[in-house]
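Structure assessment
If you want the building blocks of each chain, they are given just below.
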Amino acid sequence: MRFDLLTLFPEIFQGYLAESLLKRAIEAGLVDVQLHDIRHWAQDKHHSVDDRPFGGGPGMVLKVEPVVECVEAVRRHDPDPGHLVMLTPQGRRLDQPAVERLAEHHRILLLCGRYEGFDERIRVILQPEEISIGDFVLSGGEVAAMAIIDAVVRLVPGVLGDELSSSDDSFSGEQRLLEFAQYTRPRVYRGLEAPPVLLSGNHQQIARWREENSRERTHSRRADLLDKQLPDQHVGNNSREATPPGPPREALPPGY
Ligand SMILES: C[S@@+](CC[C@H](N)C(=O)[O-])C[C@H]1O[C@@H](n2cnc3c(N)ncnc32)[C@H](O)[C@@H]1O
């Protein structure tokens, strides 16, 4: 899978690309990330990529010519023109189903804004998919682009050690609930004991405990996720009441 990052600050990505999961995915040839400095498409002798907003007001706006021409040139680098994503707080909010849809593309171009954002004609000409990573304003699209790469790369076959390990994750799999609580050694720490069933070796009981725990956690923390489920995804007789409410989150020791 190929990502093209279009940004005014390509150096921001260097450390991130050189660590951990992404580094291994790149080294294994599963993921390719290309950086492009939008400033290289600036057209005046000062290499300016931004200008004051028409109508006045604070800040600077990203100019239409360098951005459009940068995107068009980068698209031509590969026979697959790729799926263009514009990072903007005004876009559709990113969630796991959107990440899964993005992972179906072989090539994604991520267009990172800065300052007061993009000249509106960039959006009109390029018709990108507009994505926000949440209802807050970042200084630039780079962190949002990293979040998208990070989430999408986990779904590229071969990137996670165990192919199944992303299906149990929160918001994933058929049910899209929060993941169950996890424990590792030591079995007891400061009087807090890991649930004995997880050490029982009984895979059926472990699976049942995890399913119930996942449902209880979702109920107490993110009941909205249960509301999104189809009726037949509810446990028992298809009614919300069939889900035993978990104890209030405050009553649980940390980690539960
Ligand atoms: C300071 S923001 C511009 C915000 C713009 N003035 C507005 O209010 O919609 C600069 C850039 O950061 C990026 N950005 C900021 N918040 C974001 C978010 N929640 N999701 C994705 N990108 C974001 C976008 O690329 C944006 O063009």
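Quick summary incoming for the structure in this document. Values in this document were obtained by computation on a predicted structure and should not be read as measured data.

Strand order in the open sheet formed by five strands is 2-1-6-5-7, with parallel pairing between adjacent strands. The outermost strands of the open sheet, each flanked by one partner alone, are strand 2 (32-37) and strand 7 (129-132). Here the average twist between neighbouring strands, direction ignored, is 30°.

Here the focus is the environment of Ala 98. One can find Ala 98 in helix 4 (residues 96-102). Owing to 16 C-beta atoms within 10 Å, Ala 98 belongs among the partly exposed residues under this scheme. Expressed as a C-alpha distance, the spacing of Ala 98 and Ile 148, which sit 50 residues apart in the sequence, is 9.8 Å.

On to unusual backbone geometry. For the peptide bond that leads from Arg 185 to Pro 186, omega is 5°, which places it in the cis range. With respect to the helices and strands, Pro 186 occurs in the loop between helix 6 (142-153) and strand 8 (188-189). Look at His 47: it is not a glycine, yet its phi comes out positive at around 55°. Considering the arrangement of structural elements, one finds His 47 in the loop between strand 2 and strand 3 (50-51). Overall, the presence of 12 C-beta atoms within 10 Å leaves His 47 in the exposed class. Its identity is not glycine, yet Arg 176 carries a phi of approximately 55°, on the positive side. When you line up the elements, Arg 176 lands in the loop between helix 6 and strand 8. A count of 18 C-beta atoms within 10 Å places Arg 176 in the partly exposed class.

Let us look at the site of the ligand. As a structural note, the neighbourhood of the ligand is formed by 20 residues, with Leu 87, Gly 113, Gly 117, Gly 141 and Ala 144 the closest of them. The biggest single contributor to the shell around the ligand is strand 5 (residues 83-93), with four residues. Here the residues of the shell around the ligand sort into nine nonpolar, nine polar and two charged.

Rules used throughout
- Residues numbered from 1 in each chain as written.
- Predicted model: local features only at pLDDT ≥ 70, side-chain atom pairs only at ≥ 80, totals over all residues.
- Pairing = 2+ DSSP bridges.
- Helix = DSSP H or I, 4+ residues; strand = E, 2+ residues; numbered from the N terminus.
- Axes fitted to C-alpha atoms, helices over the stretch in contact; angles between N-to-C directions.
- Buried ≥ 20, exposed ≤ 12 C-beta atoms within 10 Å, placed from the backbone.
- Near = placed C-beta within 6 Å.
- Nonpolar A, V, L, I, M, F, W, Y, C, P; charged D, E, K, R; others polar.

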